[in-house]
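Chains, contacts and geometry: an overview
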Amino acid sequence: MPSPMIPAAEETTAPELAQETPSGRLRRARDKEPLFVPGEPNWVVWQAGRAAARMTFFHYFRLESHGAHHVPVDGPVVMVPNHPSYLDPWIAAFGFARWATWMAWEAAFSWPVFGKVITQFGAFPINTERPRPSTFKAAAALLEQGGLLGIFFEGQRSMGFGVDPPRRGAARIALQTGVPVVPVSITGLRRIWPRGGVPRPGRVVVHYHPPIDAGSYHKGLAMGAREERLNAELVATIGSVLRPDGRAWPPPHRARPISEPHRRMPRPAKLKNPRR
């Protein structure tokens, strides 16, 4: 099956070329290049990755998920989680069965092992400081094919336990394409994996929130105002279950709360030794 491509941009006239800056010519040359849109990886690779992730997430992180029914089973979707760790693409997408394609920091593709892994799993690069138009075109083409696109709208790993000020890219893509947006909260992971440290065993809970209809989201406002409002709602929704101390939410279930009177069991009576 041929790879899906996006057609090249329209031709530019000679007077326009004469007035164009070098940076503009470079951007236009990039936009005219055929753009590959990533799809799903090999089924064997996918299943092997899920098996390895299952062992890690369930036994090391004690991963739980809530609200996976909020993720549509088919059709285009933009998923927006917070970003506490490098494992977030796998953790955020582990609670449901459909495949998710992620935007990833372009520098990560040059890392020795991690770069090959994310390439094998279909991620595509983005310059977080100056996103190229080709990146938005790739995202739009993926959504047109009915794919699920994952974007970490903070643009980098979270600095603390909350949500950092977001970039506008995720909101812009969702509003321009009119697809639903699913906010995702990853709780507990930043506490057990601090920046600059190594992950410790602990508990991680992922929350999938109800989707936001970007197609009809404040249509009477200008695009910039719609992006700001959507970002503000995403920050509030994702942050609603992020605790200030970084612990996973909700807390683990206790079979016998400490407040119950039978929490401390009475000592059994001593039995007399019949031989004495």
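These numbers were taken from a predicted model, which means no experiment stands behind them. (Residues numbered from 1 in each chain as written. Predicted model: local features only at pLDDT ≥ 70, side-chain atom pairs only at ≥ 80, totals over all residues. Heavy atoms only, no water.)

What follows is about the environment of Gly239. The topology assignment puts Gly239 in helix α9 (residues 223-239). It is 8.6 Å that separates the C-alpha atoms of Gly239 and Asn82, two residues lying 157 residues apart in sequence. (Helix = DSSP H or I, 4+ residues; strand = E, 2+ residues; numbered from the N terminus.)

Between side chains of opposite charge, a pair can form as their charged atoms come close. Per the counting criterion, the structure on display carries six salt bridges. The residue Glu227 makes a salt bridge to Arg168 at a minimum N-O spacing of 3.4 Å. You can see Glu227 sitting in helix α9 and its partner Arg168 sitting in the loop between β7 (148-150) and α7 (169-177), a full 59 residues away along the chain. Classification of Glu227 as buried rests on a relative accessible area of 2%. Residue Asp245 is joined to Arg243 by a salt bridge in which the shortest nitrogen-to-oxygen separation is 3.5 Å. Given a relative accessible area of 26%, Arg243 falls into the partly exposed group. In this structure, a network of salt bridges that share partners links the residues Arg168, Arg172, Glu227 and Glu228. (Salt bridge = Lys/Arg side-chain N within 4 Å of Asp/Glu carboxyl O. Buried < 20%, exposed > 50% of the residue type's maximum accessible area, 1.4 Å probe, protein only.)

The tendency in soluble globular proteins is for nonpolar side chains to be buried side by side. By size, the foremost hydrophobic cluster in this structure holds 27 residues, and its most contacted members are Val80, Met103, Leu149 and Leu230. Looking at this core, the elements that each hand over two or more residues are β4 (77-81), β6 (124-126), α6 (133-144), α7 and α9. Sequence-distant contacts of Leu230, that is, excluding residues within four places in its chain, are made with Ala171, Ala174, Leu175, Ile212 and Tyr217. With 24 residues, the next largest nonpolar core counts Leu63, Val71, Met79 and Leu189 among its residues. (Core = buried A, V, L, I, M, F, W, Y, C linked by side-chain atoms within 4.5 Å. Contact = heavy atoms within 4.5 Å.)

Okay, the packing of aromatic side chains next. Counted under the stated rule, the structure contains six aromatic pairs. Centroid distance Tyr86 to Trp193: 6.3 Å. Interplanar angle 70°. Geometry classified as edge-to-face. Taken together, the residues span a long stretch of sequence, with Tyr86 in the loop between β4 and α4 (88-93) and Trp193 in the loop between α8 (189-192) and β9 (205-208) at a distance of 107 residues. Its relative accessible area of 32% is what places Tyr86 among the partly exposed residues. (Phe/Tyr/Trp six-rings, centres within 6.5 Å; stacked < 30°, edge-to-face > 60°.)

Counting buried positions along strand β8 (residues 180-187) gives seven out of eight residues, so the element sits mostly inside the fold. Where β8 meets strand β10 (residues 212-213), two bridges bridge the pair, whose relative direction is antiparallel. Of the residues in β10, the one forming a bridge with Pro180 is Asp213. Here β8 runs beside β9; their pairing, made up of four bridges, is antiparallel. (Pairing = 2+ DSSP bridges.)

Tracing the sequence through the fold places Asn82 in the loop between β4 and α4. Residue Asn82 is classed as buried on the basis of its relative accessible area of 3%. In this structure the side chain of Asn82 is engaged in a polar contact, spanning 2.7 Å, whose partner is the backbone nitrogen of Ile186. With sequence-adjacent residues up to four places away left out, Asn82 is seen in contact with Asp88, Phe152, Glu154, Val184, Ser185, Ile186, Ile238 and Leu242. (Polar contact = N/O pair within 3.5 Å; in protein donor to acceptor, adjacent residues only side chain to side chain.)

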